[in-house]
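# Examining the three-dimensional arrangement
What follows is each chain in one-letter form.
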Amino acid sequence: MSRLPVTRGRARLAFQANVVVIFVFFYVPIVLLVLFSFSASRNAGEWGGFTFAWYEEFAGDRATKDALQASLKVAAVATAVSVVLGTMSALALERFRFHGRRVFDALMYLPLIVPDVTMAIMLLLFFSEATELLGISRGFGTIALAHIAFSISTVSVVVRARLGGSDDRLEEAARDLYASRWQAFRHVTLPIMMPGIIGGGLLAFTISLDDVVVTQLVTGPGWTTLPVHVFGLIRRGVTPLINAVSVVMLLGSMLLVVLALLVSRLSGQDSKYIH
Amino acid sequence: MTAPTVTQVQPQVASADLEARRTAKERRFGLLLALPGYGYLIMLFVVPLVMVSVYSFGTRDRFGQTQFDRLSLDAYGRLADPIVRDILFRSLWLAILTTVICLVVAYPFAYFMATVPQQWRNLMLVLVMIPFWTNFLVRNYAWRVILGTDGPLSDITSLVGLGDIRLLFTQWAVVLGMVYGFLPFMILPLYASIDRIDGRLLEASRDLYATPWQSFRHVLLPLSMPGIIGGSILVFIPSLGAYVTPEILGGAKTTLMGSYIVNQFQGARDWPLGSALSVVLILIMLLSTVIYFRKDTVRT
């Protein structure tokens, strides 16, 4: 297909300026935050000489470290479960016809567009009745169950995008060549889905580590995740300690981005087989 | 092709029967595969959704407990209370403002991205994706630091002689934070839809003496409509229900719907009102989705 016409002259300059302004807008706050986390000033937004003190304070801060641990635990469990359920759903929706398929398809999209606050209220009401029925207490269990509820759809959408771009005749060919259903799945379908599964899993992990409002409303006494803990700290006022914790969270996010980009690059290389 | 002989038809019939049995088996297998995810979503999404609707028809007794002895429209009636109405309108206004700003800023960006060579395009795409993946709370907090009393922004404004500009804890800070947070949601669908447009159509319009404005208005704009609508929904809905951004950057005088809803469940203990507001949010969301898919079917 033919390219869009490139703008020239002064108009082009305006377009370029817009791009530069947007990237400055995106990245300057992040850079400043990293900078201030090494500032010796007691004021969170002021440069007062270089120091590691706030990171040392973070390392010695029991509550923050507990919250970080809790966050990682919740994210790991929520990701594992939603990857399994989301992948199964994606496979069913993309490769099979069954009763209720269309309803399921529509239902899958809803958690992606429902605002966080609404999701939080829905789950709060649900757990206000269900914790007694199910015999679980508010805390780790309810947070993980809630995070799975919004992560299944994420994983499913990413895996489906991958499956949808592939040719289902590949599986048929494998079956024609006397592969059992399991063998065709194991050696054809699963490798096709794998980048989607990993990508979806990374996204689910990120979303779990991002969530504040759902966790805040379904948690119980004594259980808090890192974002909820930090959110509470921020509401009491900005401190250099929060700067340091934020930068650690930032590094975590960056690590996940790099992994996600690597996965998409690797999957780009083998995509010649699945166009 | 000549007419099929009898011997060719015979196995056809047998395999049709086999085919039917295979299809039935496939269907069962597909359902089995979908069942865990399906069940989970019914349990932790559909049931909670129904519960919110039920609670929105309840009433609150003197102790803050929700009663269901009669189905009541009380909570919906209270949406017209001056306080609630102001919060609703303010949230709507700020969400619309955020969406419009994102659209105006992102459109030329997305167009430009679609015209640059492939390697630049990939770099730009990665640079847009990074903030999209970066922790949302941290990104909001960064602005809190920047806009703070002795923060870098006030340093700059006093340096150029503007004096202290107090942006933090105003609704402008909230809009700034939401634009910052949701801009990638606008750029990505816009880029996806502009990138699909055949450049020859624009050239043709120019050849037919359209002014740049006319070819934008009558060619580019209609063809990129799916991206405009998709991106606008992706920005508008989270802006309308925003909680973290207004809590961190907004002030006590500018309560928005998200915070107000949460407060009904934490401090105020008015569950029916909070539920009714959530139902309103859900209805707005469903309405936008319907608009989006209708536009989609019209186009294809």
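Placed above this text is the structure.
Summarised in this report is the structure supplied together with it. (Residues numbered from 1 in each chain as written. Chains lettered and ligands numbered in written order. Predicted model: local features only at pLDDT ≥ 70, side-chain atom pairs only at ≥ 80, totals over all residues. Heavy atoms only, no water.)

## Remarks on the overall build of chain A
Note the cut-off: The numbering of helices and of strands both runs from the N terminus, where a helix is a DSSP run of H or I of at least 4 residues and a strand a run of E of at least 2. Partly exposed describes any residue whose relative accessible area lies between the buried limit of under 20% and the exposed limit of over 50%, with all areas from a 1.4 Å probe on protein chains only and scaled to the type maximum. Any two residues whose heavy atoms approach within 4.5 Å at even a single point are treated as in contact. Only four residue types enter the charge count: Lys and Arg as positive, Asp and Glu as negative, with His and the chain ends excluded. A charged residue contributes its charge at one atom only: NZ of Lys, CZ of Arg, CG of Asp or CD of Glu.
Broken down by element type, chain A carries 11 helices and zero strands. Helices and strands in chain A line up, N terminus first, as α-α-α-α-α-α-α-α-α-α-α. Overall, the C-alpha framework of chain A stretches about 70 × 70 × 30 Å when taken along its three principal axes. The buried share of chain A, reckoned over its 275 residues, is 52%. Here the analysis covers contacts within chain A between residues at least 6 apart in sequence; of these, 70% occur between residues at least 24 apart. For chain A, the distance from the average position of its 23 positive side-chain charges to the average position of its 18 negative side-chain charges is 8 Å.

## Describing the interface of chain B and chain A
Under the convention used in this document: Values labelled buried area give the accessible surface lost by two parts on being combined, using a 1.4 Å probe and summing over both. Basic side-chain nitrogens of Lys or Arg form a salt bridge, by our definition, when they fall within 4 Å of a carboxyl oxygen of Asp or Glu. Counting of polar contacts relies on pairs of N or O atoms within 3.5 Å, with two restrictions inside protein: one atom must be capable of donating a hydrogen and the other of accepting it, and residues adjacent in sequence are counted only when both atoms are side-chain atoms. Three residue categories are used. Nonpolar comprises Ala, Val, Leu, Ile, Met, Phe, Trp, Tyr, Cys and Pro, charged comprises Asp, Glu, Lys and Arg, and polar comprises the others, including Gly.
Facing 88 residues of chain B, the contacting portion of chain A comprises 92 residues. For the pair chain B and chain A, the two sides together bury roughly 8,400 Å², of which 77% comes from carbon and sulfur. Three residues stand out in chain B for area buried against chain A, namely Phe45(B), Trp133(B) and Tyr141(B), and they jointly supply 10% of the buried area on that side. The interface formed by chain B and chain A contains two salt bridges. Among the salt bridges present, the one from Glu247(B) reaches Arg235(A), with a minimum N-O distance of 2.4 Å. Linking chain B with chain A are 16 residue pairs in polar contact (both at pLDDT 80 or more). Sorting elements by how many residues they give to the side of chain B that touches chain A places helix α1 (residues 6–56) of chain B first, with 23 residues. Of the residues in the side of chain B that touches chain A, the class split is 64 nonpolar, 14 polar and 10 charged.

## A few points about the packing of aromatic side chains
What counts here: Side-chain rings of Phe, Tyr and Trp, where Trp is taken by its six-membered ring, are said to pair if the distance between their centres is within 6.5 Å; with planes under 30 degrees apart they count as stacked, over 60 as edge-to-face, and otherwise as tilted. Lysine NZ or arginine CZ positioned within 6 Å of the ring centre and within 35 degrees of the ring normal marks a charge as sitting over the ring.
Applying the stated criterion across every chain, the model contains 27 aromatic pairs over all chains. Each ring, one from Phe15(A) and one from Tyr111(B), has its centre 5.9 Å from the other, and the planes form 40°; the classification is tilted. Here Tyr111(B) lies in helix α3 (residues 82–115) and Phe15(A) lies in helix α1 (residues 9–36), a pairing that spans two chains. Phe15(A) gets classed as buried once you look at its relative accessible area, which sits at 17%. Here the aromatic rings of Phe136(B) and Phe182(B) are separated by 5.7 Å at their centres, their planes lie at 20°, and the arrangement is stacked. Taken as a pair, Phe136(B) in helix α5 (residues 136–147) and Phe182(B) in helix α7 (residues 171–195) lie far apart in primary sequence, 46 residues in all. By the burial criterion, Phe136(B) is buried, and Phe182(B) matches it. Members of the aromatic cluster, connected to one another through ring pairs, are Phe25(A), Phe26(A), Trp143(B) and Tyr180(B). Seen from the ring of Phe140(A), Lys73(A) lies directly overhead, with NZ or CZ sitting 5.7 Å from the centre.

## As for the nonpolar core
The criterion, for reference: Remark: nonpolar core denotes a set of buried residues (Ala, Val, Leu, Ile, Met, Phe, Trp, Tyr, Cys) joined through side-chain atoms within 4.5 Å. Domain segmentation is taken from an automatic or database assignment of domains.
If you look at the biggest cluster of nonpolar residues, it comprises 162 residues, and the most contacted ones within it are Met119(A), Leu125(A), Phe109(B) and Leu277(B). No other element matches the 15 residues that α3(B) contributes to this core. In terms of domain composition, this core takes at least three residues from each of domain 1 (6–56) and domain 2 (81–299) of chain B. For Met119(A), the contacting residues outside a window of four places in its chain are Val114(A), Ala149(A), Phe150(A), Val214(A) and Phe45(B).

## Notes on the side chain of Thr254(B)
Residue position: Thr254(B) is located in the loop between α11 (244–249) and α12 (257–266). Setting aside chain neighbours within four positions, we find Thr254(B) in contact with Arg90(B) and Gln171(B).

## Some remarks on the pattern of salt bridges
Residues and elements named next belong to chain A. One pass over the full model with this rule turns up nine salt bridges over all chains. Ionic pairing is found between Arg160 and Glu94, a salt bridge with its closest N-O pair at 2.9 Å. In this pair, Arg160 sits in helix α6 (residues 140–164) while Glu94 sits in helix α3 (residues 62–95), placing the two residues 66 residues apart along the sequence. Under the relative-accessibility criterion, Glu94 is labelled partly exposed at 28%. If you follow the salt bridges from partner to partner, you end up with Glu94, Asp105 and Arg160 in one network.

## What about a nonpolar patch on the surface?
Stated formally: Patch building starts from residues that exceed 30% relative accessible area and form no salt bridge, then joins like charges within 9 Å and nonpolar side chains (Val, Leu, Ile, Met, Phe, Trp, Tyr) within 5 Å. Each accessible area value is a Shrake-Rupley result obtained with a 1.4 Å probe; residue values ignore everything except the protein chains displayed when judging cover.
Together, Ile156(B), Leu159(B), Val160(B), Leu162(B) and Ile165(B) give the surface a local cluster of nonpolar side chains, amounting to about 550 Å² of exposed area. Its location among the elements puts Ile156(B) in helix α6 (residues 152–159).

## Examining unusual backbone geometry
With a phi angle near 65°, Tyr178(A) is a residue other than glycine that sits in the positive phi range. Tracing the sequence through the fold places Tyr178(A) in the loop between α7 (169–176) and α8 (181–210). Look at Tyr178(A) and you get exposed, because its relative accessible area is 77%. In this structure, Arg269(B) is a non-glycine residue whose phi angle is positive, near 50°.

## Here's the deal with the environment of Arg42(A)
Residues and elements named next belong to chain A. By secondary structure assignment, the location of Arg42 is in the loop between α1 and α2 (53–59). Given a relative accessible area of 67%, Arg42 falls into the exposed group. Apart from residues no more than four positions distant in its own chain, Arg42 is found in contact with Trp54 and Pro240.

## Some details on the side chain of Ser193(B)
Mapping Ser193(B) onto the fold places it in helix α7. A distance of 3.4 Å separates a polar side-chain atom of Ser193(B) from the backbone oxygen of Ser224(B).

## Overview of the environment of Leu127(B)
The topology assignment puts Leu127(B) in helix α4 (residues 118–133). On the accessibility criterion, Leu127(B) (26% relative accessible area) is partly exposed. Residues Leu127(B) and Pro184(B) lie 57 residues apart in sequence; the distance between their C-alpha atoms is 9.9 Å. Setting aside residues up to four positions removed in sequence, Leu127(B) forms contacts with Phe23(A), Phe26(A) and Tyr27(A).

## Examining the packing of α1(A) against α5(B)
We count it as follows: Structural elements are reduced to axes, namely lines fitted to C-alpha atoms, with helices fitted over the stretch in contact, and the angle between N-to-C directions of any two is expressed from 0 to 180 degrees. Throughout, the term roughly parallel applies to angles under 35 degrees, roughly antiparallel to angles over 145, roughly perpendicular to angles from 65 to 115, and oblique to all others.
As a packed pair, α1(A) and α5(B) sit with axes 9 Å apart at the nearest point and diverge in direction by 75°. In terms of orientation, α1(A) lies roughly perpendicular with respect to α5(B). Along its contact with α1(A), which presents Phe25(A), Pro29(A), Leu32(A), Leu33(A) and Phe36(A), the element α5(B) presents Val138(B), Tyr141(B), Ala142(B), Trp143(B), Val145(B) and Ile146(B). For the contact of α1(A) with α5(B), a count of residues per class yields 11 nonpolar, no polar and no charged.

## Considerations on the packing of α6(A) against α8(A)
Residues and elements named next belong to chain A. To keep things clear, this is the line we draw: Handedness of each helix crossing follows the sense of rotation of the near helix against the far helix: counterclockwise by less than a right angle gives left-handed, clockwise gives right-handed.
The interhelical angle for the contact between α6 and α8, taken along N-to-C directions, is 145°, at an axis separation of 8 Å. Between α6 and α8 the crossing geometry is right-handed. When the residues that make up the contact of α6 with α8 are grouped by side-chain class, the tally is 12 nonpolar, nine polar and one charged.

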